[in-house]
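Residue-level structure breakdown
In case you want the letters, here they are:
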Amino acid sequence: MQQLKQIQTQVFRIGLHQNPDTLNKLMVFCTDPKNGNFLQYSERIFNYIENPSLFIYNVMIKAFVKGGSFGRAIGFFHQLRVHGFWPDNFTYPFVFKAVGCLRDVYVGEKVHAFVLKSGVEFDCYVCNSIMDMYGELGYVENARKLFDEMPERDLVSWNVLISGSVKCARFEDAVSVFRRMQQEESVKPDEATIVSTLSACTATKDSELGREIHRYVVNEIGFTPTISNALLDMYSKCGYLSVARQIFDTMPAKNVISWTSMVSGYVNCGKLDEARDFFERSPVRDIVLWTAMINGYVQFNRVDEAVALFREMQIRGIKPDMFSVVALLTGCAQVGALEQGKWIHGYIDENRIPFDAIVGTALIDMYSKCGCIDKSIEIFHRLKEKDTAVWTSIICGLAMNGQSSKALTLFSEMKQAGFKPDDITFIGVLSACNHGGLVEEGRRYFDSMRKMYRIEPKLEHYGCLIDILGRAGLLDEAEEIIEKIPKESNEILGPVYGALLSACRIYGNVVIGERVATRLAEMDYSGSSLHTLMANIYASADRWDDVTKVKGKMKAIGVKKAPGCSSIEVDGHVHEFLVGDASHRKMKEVHAMLDGITKPLSGLEDTEMEADNKVAGIS
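Not measured: the values here are computed from a predicted model.

Each helix and strand in the protein chain was counted, giving 35 helices and two strands. Taking all 619 residues of the protein chain together, 44% fall into the buried category. Contacts spanning at least 24 positions in sequence make up 59% of the contacts within the protein chain whose residues lie at least 6 apart. Carbon and sulfur atoms make up 52% of the accessible area of the protein chain, which amounts to about 33000 Å² in all.

Now for the side chain of threonine 361. Here threonine 361 is to be found in helix α22 (residues 357-369). If we ignore the near neighbours within four places in the chain, the residues touching threonine 361 are Asp387, Ala389, Val390 and Ser393.

Our next topic: the nonpolar core. Counting residues in each nonpolar core, the largest one holds 178 residues, and the members touching the most others are Ile61, Tyr92, Val263, Ile294, Met366, Ile466 and Leu500. With residues up to four places along the chain from it excluded, the contact list for isoleucine 466 reads Ala478, Ile481, Ile482, Ile485, Val496, Ala499 and Leu500.

The next thing to look at is the packing of helix α5 (residues 70-82) against helix α6 (residues 92-102). Remark: α5 packs on α6, axes separated minimally by 9 Å, with the N-to-C direction vectors making an angle of 135°. As summarised for this structure, α5 and α6 are arranged oblique, according to the angle between their axes. α5 and α6 meet at a crossing whose hand is left-handed. Here Phe70, Gly71, Ala73, Ile74 and Phe77 of α5 come into contact with α6, specifically with Tyr92, Val95, Ala98, Val99, Cys101 and Leu102. Residues that form the contact of α5 with α6 fall into these classes: 10 nonpolar, one polar and no charged.

With that out of the way, let us pick up the state of the cysteines. Scanning the entire structure with this criterion turns up zero disulfides. Not part of a disulfide, cysteine 372 finds its nearest cysteine sulfur in cysteine 370, a span of 6.5 Å. On the basis of relative accessibility, which here comes to 22%, the residue cysteine 372 falls in the partly exposed class. Cysteine 464 carries a free sulfur, and the closest cysteine sulfur to it, the one in cysteine 396, is 9.4 Å from it. Residue classification places cysteine 464 among the buried residues on the basis of a relative accessible area of 13%.

Listed in full, the buried residues belonging to helix α17 (residues 272-281) are Leu272, Ala275, Phe278 and Phe279. Looking down the long axis of α17, one finds its buried residues gathered within 120° of arc, a one-sided arrangement.

On to the packing of aromatic side chains. As enumerated under the stated definition, the model contains 24 aromatic pairs in all. Ring geometry for phenylalanine 77 and phenylalanine 114: centres 5.8 Å apart, planes at 40°, overall tilted. Of this pair, phenylalanine 77 sits in helix α5 while phenylalanine 114 is found in helix α7 (residues 105-118), placing the two residues 37 residues apart along the sequence. Accessibility classification places phenylalanine 77 together with phenylalanine 114 in one group, the buried group.

This part takes up the environment of threonine 202. Tracing the backbone through its elements, the reader meets threonine 202 in helix α12 (residues 191-204). Judged by relative accessible area, which is 8%, threonine 202 ranks as buried. Separated by 35 residues in sequence, threonine 202 and lysine 237 place their C-alpha atoms 6.5 Å apart. Residue contacts for threonine 202: discarding those within four places in its chain leaves Asp233, Met234 and Lys237. Within the structure, threonine 202 has its side chain in polar contact with the backbone oxygen of leucine 198 (distance 2.8 Å).

A separate point is the UniProt feature "repeat: PPR" (unreviewed entry) in the protein chain. According to UniProt, the feature "repeat: PPR" (unreviewed entry) maps to residues 53-87, 123-153, 154-188, 255-285, 286-320 and 387-421 in the numbering used here. Helix and strand shares over residues 255-285 are 74% and 0% respectively, and the end C-alpha atoms of the span are 10 Å apart. The span residues 286-320 is 74% helical and 0% strand by assignment, and the distance between its end C-alpha atoms comes to 10 Å.

What follows covers the side chain of serine 376. Looking at the element boundaries, serine 376 is found in helix α23 (residues 373-382). Of the polar contacts made by the side chain of serine 376, one reaches the backbone oxygen of isoleucine 364; its length is 2.9 Å.

Should their charged atoms come close, side chains of opposite charge can pair. Going through the model one piece at a time under the given rule, you end up with 24 salt bridges. Aspartate 365 is the salt-bridge partner of lysine 369, the closest N and O atoms lying 3.4 Å from each other. Of this pair, lysine 369 and aspartate 365 both sit in helix α22, separated by four residues, roughly a single helical turn. For lysine 369, a relative accessible area of 41% corresponds to the partly exposed category. Counted as one network, the salt bridges with shared partners bring together Arg276, Glu280, Arg285, Glu312 and Arg316.

Calculation rules
Per chain, the residues get numbers from 1 upward, laid out in the order the sequence is written. Local features in this predicted model are restricted to residues whose pLDDT is 70 or higher, and side-chain atom pairs enter the listing and the counts only when it is 80 or higher, whereas totals over whole chains, interfaces and linings include all residues. Computation of side-chain values covers all heavy atoms of the structure but excludes hydrogens and water. Numbered from the N terminus, helices here are DSSP runs of H or I no shorter than four residues, and strands are runs of E no shorter than two. Burial status follows relative accessibility: with a 1.4 Å probe on protein chains alone, a residue under 20% of its type maximum counts as buried, one over 50% as exposed, and anything between as partly exposed. By definition, residues are in contact when any of their heavy atoms lie within 4.5 Å. Computed with the Shrake-Rupley method and a 1.4 Å probe, the accessible areas treat only the protein chains shown as cover for residues. The set of buried Ala, Val, Leu, Ile, Met, Phe, Trp, Tyr and Cys residues whose side-chain atoms join them within 4.5 Å is what this entry labels a nonpolar core. Only C-alpha atoms enter the line fits that serve as axes; for helices the fit covers just the stretch in contact. Angles between N-to-C directions range over 0 to 180 degrees. Comment on the angle field: the value is read as roughly parallel under 35 degrees, roughly antiparallel over 145, roughly perpendicular from 65 to 115, and oblique elsewhere. Note: crossing handedness is left-handed where the near helix turns anticlockwise from the far helix by less than a right angle, and right-handed where it turns clockwise. Gly counts as polar in this scheme, as do all residues outside two lists: the nonpolar Ala, Val, Leu, Ile, Met, Phe, Trp, Tyr, Cys and Pro, and the charged Asp, Glu, Lys and Arg. Defined by distance alone, a disulfide is two cysteine sulfur atoms within 2.5 Å. When we speak of the arc, we mean the arc of directions from the helix axis to the C-beta atoms. In summary, the pairing rule links any two rings of Phe, Tyr or Trp, Trp by its six-membered ring, whose centres are within 6.5 Å, and it sorts them by plane angle into stacked for under 30 degrees, edge-to-face for over 60 and tilted for everything else. Polar contact is defined as a pair of N or O atoms within 3.5 Å, subject to the rule that within protein one atom must be able to donate a hydrogen and the other to accept it, and that residues adjacent in sequence are counted only when both atoms are side-chain atoms. UniProt positions are given in the numbering used here, feature names are shortened, and annotations may be inferred rather than shown by experiment. Within this document, salt bridges are pairs made up of a side-chain nitrogen of Lys or Arg and a carboxyl oxygen of Asp or Glu, the two lying within 4 Å of each other.

As structure tokens, then:
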């Protein structure tokens with residue numbers, strides 16, 4: 001900086017401080033990050049320039065975008081237009097980059113209009129930057145339309161459209177563009193094309209195209225670390241672990257992404273021990289790898305091991321992020337581990353992990369599933385920024401805990417606040433109607449899904465509505481609704497019929513119950529609970545011969561009633577018990593404790609004491 005100021009002093013002394021060539025060189029030097037952090041200084045110089053050129057404006061805009069000051073870049077763009085300049089093909093790419101990072105659709109469309117007026121709309125470099133901006137903003141249709149109108153396209157154009165489709169989760173579209181690109185003779189896929197398309201293959205589980213790309217890599221462009229990792233991720237997530245392992249073993253250099261892909265692949269296949277082996281062997285572990293292993297344990301209800309790994313992560317000095325704590329909270333919610341959930345909540349507060357909508361949703365879900373709905377409400381009101389997931393979580397939590405009126409009140413508040421409910425929100429709303437016996441409201445909310453929100457009801461929604469009608473004794477109406485459900489596989493439709501069959505048991509309606517049982521038999525559905533329900537319906541009607549027939553049929557086709565399961569949390573550890581399973585290591589102590597509780601309650605203890613006294617008297 002000292003040398004720069006000395007040179008600038010000489011520039012002023014000999015009268016070159018307004019010379020265009022001198023100013024251009026000076027501004028280029030000051031805005032180049034390789035020369036140091038002179039951006040603020042360059043802005044001060046700019047303010048003293050009497051007639052800044054378009055070149056200098058472009059240099060400043062580029063510098064602000066590179067430095068992450070996207071708002072300042074947009075400000076300079078407006079300023080150059082006020083000074084009468086027309087932006088050129090060097091101006092727009094960085095402006096569109098700034099707009100994409102700011103996620104401001106309105107400004108993006110305005111700048112796009114300036115492009116059309118300035119006559120550079122067919123410049124390939126500019127068009128690519130516009131497409132990239134629309135991809136960042138989630139408007140991939142706009143990018144596709146612009147792409148189709150381009151008179152000339154280069155490789156970057158194809159790559160931008162494919163990556164934009166992937167960013168917007170339009171994976172089928174990304175594959176379609178790649179197929180279209182293959183038909184063009186003028187361009188051939190490069191590393192960027194391969195990596196983006198493999199991401200689409202991974203999301204759609206299109207292993208066939210993935211293998212085709214793999215062959216192209218072998219025959220045409222060869223392997224790079226990035227391509228190898230993309231192939232590894234695709235094969236592992238599509239379930240081809242043996243192929244993924246071959247690629248992994250042949251990679252000359254493996255980074256943490258390679259190890260994470262293998263761990264995630266084994267986790268997705270339920271092979272947690274193999275995943276843990278890869279995890280332990282990884283020479284470098286970042287937060288993503290730790291979270292992948294923790295997620296694996298949570299996914300398969302091994303919450304104690306997830307928490308132990310979380311604590312090991314802290315000991316190793318790896319700072320957890322919101323994704324790792326959200327994974328743990330999800331596990332605690334699944335098994336009802338309240339104490340562990342509270343400990344994680346305390347950890348979030350102590351370590352100042354950002355308390356955003358994602359963390360808030362996980363906490364609300366955990367507390368509500370553990371029965372602490374008041375704590376869920378407290379967290380909900382504490383959240384400054386709420387999204388649809390937060391509202392949905394508290395509505396479902398209230399419904400689950402039997403607070404129907406509060407759930408429906410919050411649903412109204414959600415709509416008033418401008419949030420659009422999704423299909424999961426309506427599961428909570430219909431569950432609230434179910435628990436509250438609100439038949440008319442349930443019908444109305446169910447109908448509003450299609451009419452007001454264009455949400456096609458899923459089987460879960462039909463199941464809730466049938467349960468609402470069934471509990472109210474409206475069995476005929478429930479049966480009519482089932483007939484209107486789009487026919488799916490038997491495994492999915494079975495539980496819906498089960499909801500009606502359960503209502504038939506409550507009201508002793510043998511006629512409808514038999515009709516449902518006949519349909520289930522035609523579907524060849526063999527769920528144990530449905531056969532048990534039918535047996536109970538016959539028993540309530542004193543038709544014991546039919547009860548015997550149902551049980552005989554269950555035995556003949558090999559259907560067994562699933563054992564009951566309960567779990568309890570003690571000192572931060574979750575213990576699970578199955579009916580008839582005596583394998584728990586402290587089962588003797590459990591039985592001794594149960595005997596100690598039940599004997600005084602049943603009077604057996606007094607009887608035994610009296611007997612002991614009589615024996616003592618005789619002796």
